[in-house]
Amino acid sequence: MNIDPAKWYPGQVVGLHRWTNALYSLRVQAEVEPFEAGQFGRLGLVLDGELVTRPYSFVNAPSERPLDFYFIVVPEGKLTPKLAALQPGDTVWVARKPSGFFTLSQVPVARFLWLLATGTALGPFLSILKTELPWQRFEKIVLVHGVRACAELTYQETIARFQRVHANQFQFFASVTREPCLEALPIRIPRAIESGLLEERADLPLDPKDSQVMICGNPEMVKATVALLQNRGFRENARKSPGQITTERYW
Ligand SMILES: Cc1cc2nc3c(=O)[nH]c(=O)nc-3n(C[C@H](O)[C@H](O)[C@H](O)COP(=O)(O)OP(=O)(O)OC[C@H]3O[C@@H](n4cnc5c(N)ncnc54)[C@H](O)[C@@H]3O)c2cc1C
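Quick caveat: nothing in here was measured; it's all calculated off a predicted structure.

Colleague: Quick question: what am I supposed to make of the overall build of the chain here?
Modeller: Scanning the chain for helices and strands turns up seven helices and 11 strands. Against the 2.2 N^0.38 benchmark of 18 Å for 251 residues, the chain shows a C-alpha radius of gyration of 18 Å, consistent with a compact globule. Taken along the three principal axes of its C-alpha coordinates, the chain extends 55 × 40 × 35 Å. Counting all 251 residues of the chain, 36% fall into the buried class.

Printed below as a string of structure tokens:
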């Protein structure tokens, strides 16, 4: 089958880390064009004679290699069960051109940055936080990771490093909904905002005067959170009319 070498690079799998039965990090050596933290690439495999590709956010910072992609296996999905079966040395096609607008260059000036993710949508925030820019631009940064079970709280070492290096500037909260989990908020992200619990724990006001909010992941969480924030006077960011909410939906 013909794959356009100008568009696709034959990446080499250098590692596949299995966090749980469904959650994996795929590390790939590939040549991609420069990208901005928060953007996504595309991964592809030839399946039944056809190149099947899907978008995946970069977890690595733009300067880091190998590329790091964090994905969940969708049991009935076309691509993800095959990605989870890759072995070091296998080829995975990687789009040479990254894309996307879920980046800090789209986010207006503010004092506080709130980063709200469900599941694998933690990835773009880790890429952003691995760069210098957010730490230079914002007084305080709050990262919230919403998952169902404690084992799904992945990349804890990376997050702990942010906590160590930026102790006075950074806070992390987990929201774990299906089982009790140490200090995690026991409710979904929208509920944690609505009830005031997130602001209380962060000891920071979530108001449009001071805050920018980036939201990524499950479309239901994105929709519910945007609606709640709009009730508080937040507006979605658009090129011509800057607001305080920047979103990316994964499906
Ligand atoms: C901009 C963008 C960036 C993305 N980045 C990531 C990423 O970093 N990591 C990642 O895991 N996925 C990411 N996705 C989703 C990814 O592109 C695929 O849709 C997903 O991996 C399923 O592919 P598939 O071929 O196995 O399933 P398909 O056969 O394409 O089935 C699609 C269905 O899978 C479900 N689904 C898709 N993504 C998820 C998910 N993350 N969690 C639960 N259910 C899901 C939905 O029901 C969707 O309708 C991103 C999507 C977009 C639009």
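Colleague: Hey, could you run me through helix 7 (residues 219-231) in this one?
Modeller: For an α-helix, the turn length of 3.6 residues means that residues three or four places apart are oriented alike. Helix length check: helix 7, at 13 residues, gives a terminal C-alpha distance of 18 Å against a target of 18 Å (1.5 Å per residue), a fit within 8%. Residues of helix 7 that are buried include every one of Met-221, Val-222, Thr-225 and Leu-229, and no others. The buried residues of helix 7 all sit within an arc of 95° when viewed along its axis, so they share a single face. Away from the buried face of helix 7 by more than 90 degrees, exposed residues Pro-219, Glu-220, Ala-227 and Asn-231 are located.

Colleague: How should unusual backbone geometry be read in this particular structure?
Modeller: Negative phi is the rule for most residues except glycine; trans is the rule for most peptide bonds. Here the amide bond leading from Arg-65 into Pro-66 is cis, since omega sits at 5°, within 30 degrees of zero. Following the sequence through the fold, Pro-66 ends up in the loop between strand 4 (50-57) and strand 5 (67-72). The backbone of Asp-48 shows a phi angle near 50°, a positive value even though the residue is not glycine. For Asp-48, the location among the structural elements is in the loop between strand 3 (40-47) and strand 4. Backbone geometry places Leu-182, a non-glycine residue, at a positive phi of 35°.

Colleague: Which parts of the structure should I look at to understand the domain arrangement of the chain?
Modeller: In many analyses, interface size is given as the accessible surface area lost on bringing the parts together. Domain boundaries in the chain define domain 1 (8-95) and domain 2 (104-249). Distance between the C-alpha centres of domain 1 and domain 2: 24 Å. With 15 residues of domain 1 at the contact, the number on the domain 2 side is 15 residues. When residues in the side of domain 1 that touches domain 2 are grouped by element, the largest group, three residues, is from strand 5. Here the side of domain 1 that touches domain 2 is composed, by residue class, of nine nonpolar, four polar and two charged.

Colleague: Explanation requested: the pairing of strand 11 (residues 245-249) in the structure shown.
Modeller: Regular strands place their side chains on alternate faces of the sheet. Pairing between strand 10 (residues 211-217) and strand 11: five bridges, direction parallel. Following the sheet pairing, Met-214 is matched in strand 11 by Thr-246. Where the polypeptide runs from strand 10 across helix 7 and back to strand 11, its parallel neighbour, the crossover connection is right-handed.

Colleague: What exactly am I supposed to notice about the sheet that holds strand 2 (residues 23-29) here?
Modeller: Strand pairing in a sheet is mediated by backbone hydrogen bonds. Such pairs are either parallel or antiparallel. As summarised here, the arrangement of the six strands in space is 4-3-6-1-2-5, forming an open sheet in which the pairing is antiparallel. Strands with a single pairing partner mark the edges of an open sheet, and in this sheet they are strand 4 and strand 5. Put simply, the sheet's adjacent strands are angled 40° from each other on average, direction ignored. Examined bridge by bridge, strand 2 and strand 5 share six bridges and lie antiparallel to one another. Paired with Leu-23 across the two strands is Ile-72, which belongs to strand 5.

Colleague: So what exactly am I meant to see when it comes to the nonpolar core here?
Modeller: Within soluble globular proteins, side chains that are nonpolar generally end up buried alongside one another. Formed by 61 residues in total, the largest nonpolar core has its most connected members in Val-94 and Leu-115. Residues from two domains meet in this core; each of domain 1 (8-95) and domain 2 (104-249) gives at least three. Setting aside anything within four residues of it in sequence, one finds Leu-115 in contact with Phe-125, Ile-141, Val-142, Leu-143, Val-144 and Met-214.

Colleague: Help me understand the sheet that holds strand 10 in this model?
Modeller: Strand order in the open sheet formed by five strands is 9-8-7-10-11, with parallel pairing between adjacent strands. The strands lining the two open edges of the sheet, one partner per strand, are strand 9 (170-176) and strand 11. The average angle at which neighbouring strand axes cross in this sheet is 10°, direction not considered. Sheet topology note: the strand 7 (residues 112-118)/strand 8 (residues 140-147) ladder contains seven bridges and is parallel. Bridging across to strand 8, Leu-113 finds its partner in Ile-141. In the packing of helix 2 (residues 122-129) onto the sheet, the strands contacted are strand 7, strand 8 and strand 10, and the crossing angle to strand 7 comes to about 145°.

Reading the values: the criteria
Residues numbered from 1 in each chain as written. Predicted model: local features only at pLDDT ≥ 70, side-chain atom pairs only at ≥ 80, totals over all residues. Helix = DSSP H or I, 4+ residues; strand = E, 2+ residues; numbered from the N terminus. Rg over C-alpha atoms; globule rule 2.2 N^0.38 Å. Buried ≥ 20, exposed ≤ 12 C-beta atoms within 10 Å, placed from the backbone. Expected span 1.5 Å × (residues − 1). Arc of directions from axis to C-beta. Domains from an automatic or database assignment. Contact = placed C-beta atoms within 7 Å. Nonpolar A, V, L, I, M, F, W, Y, C, P; charged D, E, K, R; others polar. Pairing = 2+ DSSP bridges. Right-handed = clockwise from strand over helix to strand, strands pointing away. Axes fitted to C-alpha atoms, helices over the stretch in contact; angles between N-to-C directions. Core = buried A, V, L, I, M, F, W, Y, C linked by C-beta atoms within 7 Å.

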